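# Structural overview for review
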Amino acid sequence: VYAELSARFSASCNVCDSRRIRRYDHRIARMLPFFDFFECKQCGLVFVHPLPDTSFYAEGKLPDFPTEEAWVAPFVDCAERHAGGRGSMLEVGIGSGGFLAEAHRRGWDVHGVDLSEATLEHAREKLGLPNIHRGPLSQVAFPDGRFDVVAAFNLLEHVPDPRKTLLEFSRVLRPGGLVVLLCPNISAAYDLLVQEVLSGHDPLHINWIPPEHLYYFNHDTLRRLLSAVGLEVIADESSLTTALWAQHAERIGSHATDPRWAELVDRINRSPLPRGDGRLREHWADVARLVSNRVTWSLVSDVVELEKAGGAENACLLVARKPGN
Ligand SMILES: [Zn+2]
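Below: a short report on this structure. Values in this document were obtained by computation on a predicted structure and should not be read as measured data.

### Considerations on the overall build of the protein
The number of helices and strands found in the protein is 12 helices and 11 strands. Its C-alpha radius of gyration of 22 Å places the protein within 12% of the 20 Å reference for a compact globule of 325 residues. Oriented by its inertia axes, the alpha-carbon framework of the protein measures out at about 75 × 55 × 40 Å. Evaluated residue by residue, the protein yields a buried proportion of 47% over its 325 residues. Once local pairs closer than 6 in sequence are excluded, the contacts in the protein between residues at least 24 apart make up 71%. Surface accessibility of the protein: about 16,000 Å² in total, with carbon and sulfur atoms responsible for 52%. Computed over 35 positive and 43 negative side-chain charges, the separation of the two mean positions in the protein equals 2 Å.

### A look at the coordination of the zinc ion
Around the zinc ion, the protein supplies Cys13 (SG), Cys16 (SG), Cys40 (SG) and Cys43 (SG) as donor atoms, at distances of 2.3 Å. Around the zinc ion sit four donor atoms; with metal-centred angles ranging over 101 to 119°, the donor geometry is tetrahedral. The sequence pattern formed by the donor residues of the zinc ion is C-x2-C-x23-C-x2-C. Note that Cys16 is positioned in the loop between helix H1 (2-8) and strand E1 (21-23) and Cys40 in strand E2 (residues 37-40), a separation of 24 residues in sequence.

### Digging into the nonpolar core
Among the nonpolar cores identified, the biggest contains 39 residues, and Leu45, Leu90, Phe169, Leu181, Phe217 and Leu222 are the most heavily contacted of them. Elements represented by at least two residues in this core include exactly E2, strand E4 (88-92), strand E7 (147-153), helix H6 (162-172), strand E8 (173-184), helix H8 (219-228) and strand E11 (315-321). For this core, the element with the most residues is E8, which contributes four residues. Leaving out residues up to four positions away in the same chain, Leu90 has contacts with His111, Gly112, Val113, Leu137, Phe142, Phe147, Val149, Val150, Ala151 and Val172. Counting 28 residues, the second largest nonpolar core, distinct from the first, contains Leu100, Trp108, Ala235 and Leu244.

### Focus: the packing of H6 against H8
Look at H6 against H8: their axes get within 9 Å of each other, and the N-to-C directions meet at 50°. Considering the angle they form, H6 stands oblique to H8. Where H6 crosses over H8, the handedness of that crossing is right-handed. Across from Pro162, Arg163 and Leu166 in H6, the residues of H8 making contact are Leu225, Leu226 and Ala228. Looking at the contact of H6 with H8, its residues break down into five nonpolar, no polar and one charged.

### Points about the pattern of salt bridges
Any two side chains of opposite charge can pair if their charged atoms end up close together. Scanning all chains against the criterion turns up 20 salt bridges. Arg86 is paired through a salt bridge with Glu80; the nearest N and O atoms lie 2.8 Å apart. Look at Glu80 and you get buried, because its relative accessible area is 14%. The shortest N-O distance in the salt bridge between Glu263 and Arg267 comes to 3.1 Å. One end of the pair is Glu263 and the other is Arg267, both in helix H10 (residues 254-269) and four residues apart, which spans about a single turn. On the basis of relative accessibility, which here comes to 40%, the residue Glu263 falls in the partly exposed class.

### Brief notes about the sheet that holds E1
Spatial ordering of the open sheet is given by E1-E2-E3-E9, a layout of four strands whose pairing is antiparallel. Each edge of the open sheet carries a strand with a single partner, namely E1 and strand E9 (215-216). Where E1 meets E2, three bridges bridge the pair, whose relative direction is antiparallel. Within E2, the residue paired with Ile21 across the bridge is Cys40.

### Some details on the packing of aromatic side chains
Tallying each qualifying case throughout the model produces 11 aromatic pairs. Ring geometry for Phe56 and Tyr57: centres 4.5 Å apart, planes at 40°, overall tilted. Residue classification places Tyr57 among the buried residues on the basis of a relative accessible area of 18%. Ring geometry for Phe99 against Phe153: centres 4.7 Å apart, planes inclined by 70°, an arrangement best described as edge-to-face. In this pair, Phe99 is assigned in helix H4 (residues 98-105) and Phe153 in strand E7, connecting sequence segments 54 residues apart. Exposure class is identical for Phe99 and Phe153. Each is buried. One aromatic cluster in this structure is built from Tyr24, Phe37, Trp208 and Tyr216.

Cut-off values and rules
- Residues numbered from 1 in each chain as written.
- Predicted model: local features only at pLDDT ≥ 70, side-chain atom pairs only at ≥ 80, totals over all residues.
- Heavy atoms only, no water.
- Helix = DSSP H or I, 4+ residues; strand = E, 2+ residues; numbered from the N terminus.
- Rg over C-alpha atoms; globule rule 2.2 N^0.38 Å.
- Buried < 20%, exposed > 50% of the residue type's maximum accessible area, 1.4 Å probe, protein only.
- Contact = heavy atoms within 4.5 Å.
- Areas by Shrake-Rupley, 256 points an atom, 1.4 Å probe, with all protein chains shown as cover.
- Lys, Arg positive; Asp, Glu negative; His and termini not counted.
- Charge placed at Lys NZ, Arg CZ, Asp CG, Glu CD.
- Donors = N, O, S within 2.8 Å, 3.2 Å for Na, K, Ca; no water.
- Tetrahedral: all angles 85-135°; square planar, octahedral: opposite > 155°, others 65-115°.
- Core = buried A, V, L, I, M, F, W, Y, C linked by side-chain atoms within 4.5 Å.
- Axes fitted to C-alpha atoms, helices over the stretch in contact; angles between N-to-C directions.
- Parallel < 35°, antiparallel > 145°, perpendicular 65-115°, else oblique.
- Left-handed = near helix turned anticlockwise from the far one by under 90°.
- Nonpolar A, V, L, I, M, F, W, Y, C, P; charged D, E, K, R; others polar.
- Salt bridge = Lys/Arg side-chain N within 4 Å of Asp/Glu carboxyl O.
- Pairing = 2+ DSSP bridges.
- Phe/Tyr/Trp six-rings, centres within 6.5 Å; stacked < 30°, edge-to-face > 60°.

This is the structure in structure tokens:
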């Protein structure tokens, strides 16, 4: 028992190196009893410790993130705006490959690294992307200073050692090169609502999902980590993530479910069964699915308004620069 306790508390903070760590005593952590969550008293980083086995990524399925231009083009625009043009780009954790494919189409010299065999095959065979490498990044052996831009979207919260990962980003960047980094924000309007209003129930399952998510950042901890590895934050583009989410809400949002709701109520009205409990039960599966859908998207529509009004976007999107040149 003592050995286990000392092993648990031997962790130091990945962001600030402090050993002043306490249990993250929050409703959401208590809802995930198979994982131990801790919080750094110094900087507020939240993390899972000990680290669970993550070998499942190797045979992971292709993530179902959108690949269409409307979703990925704003991220490529963002990289181009800050880089001042097109050059060589490495994406670490390429997922569905949409971002890299768009950058490739625009003439960037693209390289991608991922752990999942399905993802690598999809990028090579379906998207026809060149320079797709099996990770982890530390084993690909890119030379120092190889890239103008290193991009990583929804990656840093998954890796066992985010500091080491960012140091590797910095190593493969040329002096003056840029990191474009996106990860979920646990201080986001959405997360606050999930924790404080929805009793920890996240209808979209987007943030508190160990063993996938091991580190839980907000703007402050992410900025600290970037500066701890010598990268200088030059832009905060987080509002872009709200704009994309708003687009999502427009397409699938609560109003889009209204005609389906009217159709379902009409179907119940026309049921040959007599009015009463049984009549509703006949349609119960459809009712439950559609109500859950409408509640979720109405929540997202509210969150988008909150994010626009108050900041606290669902993800942190920071652009940082390696000093030099
Ligand atoms: Zn810390």
